[in-house]
Amino acid sequence: MQDVFSVKERTIIWIGLVFFCPWGFFCGKVSIPWLFKLGGGSGIAMVGFALAVARMNADRGLAMGLFNTTIYAGLSLLPIVAGLLTEVLSFEELFIVNGCVLAGTLLLRD
């Protein structure tokens, strides 16, 4: 089967993370347009992750279901965790911690 999409999933994920990480550091102090850039970078990475799941040599339906479940679990649970951490850290510090975690993902291999 010939690849119709010439950009590899790893490249798309990297583009999304590189675009996403700087805004993760600064969104606590700046305006709404920065949050749009944060969302854009994460959206690009999500497309790469979905493409990676589609190319896996596994049951793609199950893999995509688990992928979506983890996305929605993160979207529902992480705001609660962040809210609990606001007693210890400020919003700015939470964004900096988030940016550091995201920047750390760029160092991971395979």
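Quick summary incoming for the structure in this document. (Residues numbered from 1 in each chain as written. Predicted model: local features only at pLDDT ≥ 70, side-chain atom pairs only at ≥ 80, totals over all residues. Heavy atoms only, no water.)

Some details on the overall build of the protein
For step 1, the next point in the chain: Within the protein, the secondary structure is distributed over 4 helices and 0 strands.
For step 2, the next point in the chain: Walking the protein from its N terminus toward its C terminus, one meets helices and strands in the order α-α-α-α.
For step 3, the next point in the chain: The buried share of the protein, taken over its 110 residues, is 20%.
For step 4, the next point in the chain: Partitioning the intrachain contacts of the protein with sequence separation of at least 6 by distance along the chain shows that 61% fall at a separation of at least 24.
For step 5, the next point in the chain: Of the accessible surface of the protein, which amounts to about 7900 Å², a share of 72% is contributed by carbon and sulfur atoms. (Helix = DSSP H or I, 4+ residues; strand = E, 2+ residues; numbered from the N terminus. Buried < 20%, exposed > 50% of the residue type's maximum accessible area, 1.4 Å probe, protein only. Contact = heavy atoms within 4.5 Å. Areas by Shrake-Rupley, 256 points an atom, 1.4 Å probe, with all protein chains shown as cover.)

Things to note about the nonpolar core
For step 1, the next point in the chain: I13, L17, F20, C21, L38, L102 and L106 together form the largest nonpolar core, which totals 7 residues.
For step 2, the next point in the chain: Top element by residues in this core is helix α1 (residues 9-26). It accounts for 4 residues. (Core = buried A, V, L, I, M, F, W, Y, C linked by side-chain atoms within 4.5 Å.)

Points about helix α2 (residues 32-54)
For step 1, the next point in the chain: Taking 1.5 Å per residue as the helical rise, α2 with its 23 residues ought to reach 33 Å, and the 33 Å between its terminal C-alpha atoms agrees with that figure.
For step 2, the next point in the chain: Burial in α2 covers these residues: L38, G41, A45, G48, L51 and V53. (Expected span 1.5 Å × (residues − 1).)

A few points about helix α3 (residues 60-85)
For step 1, the next point in the chain: Its 26 residues give α3 an end-to-end C-alpha distance of 36 Å, which sits within 8% of 38 Å, the value for a rise of 1.5 Å per residue.
For step 2, the next point in the chain: The largest bend in α3 amounts to roughly 30° and is located at L77, with the proline P79 lying one to four residues further along.
For step 3, the next point in the chain: When α3 is considered as a whole, its buried residues turn out to be A63, F67 and I71.
For step 4, the next point in the chain: Considering only its buried residues, α3 is in contact with α2. (Bend = angle between axes of the 7 residues up to and from the residue.)

Here's the deal with the packing of α2 against α3
For step 1, the next point in the chain: Relative orientation of the contacting elements α2 and α3 amounts to 155°, with a least axis distance of 9 Å. The angle between α2 and α3 places the two elements in the roughly antiparallel class. Here α2 runs over α3; the crossing is right-handed. Of α3, the residues touching α2 (which contributes M46, F49, A50, V53 and A54) are R60, A63, M64, F67 and I71.
For step 2, the next point in the chain: When grouped by side-chain class, the residues that make up the contact of α2 with α3 number 9 nonpolar, no polar and 1 charged. (Axes fitted to C-alpha atoms, helices over the stretch in contact; angles between N-to-C directions. Parallel < 35°, antiparallel > 145°, perpendicular 65-115°, else oblique. Left-handed = near helix turned anticlockwise from the far one by under 90°. Nonpolar A, V, L, I, M, F, W, Y, C, P; charged D, E, K, R; others polar.)

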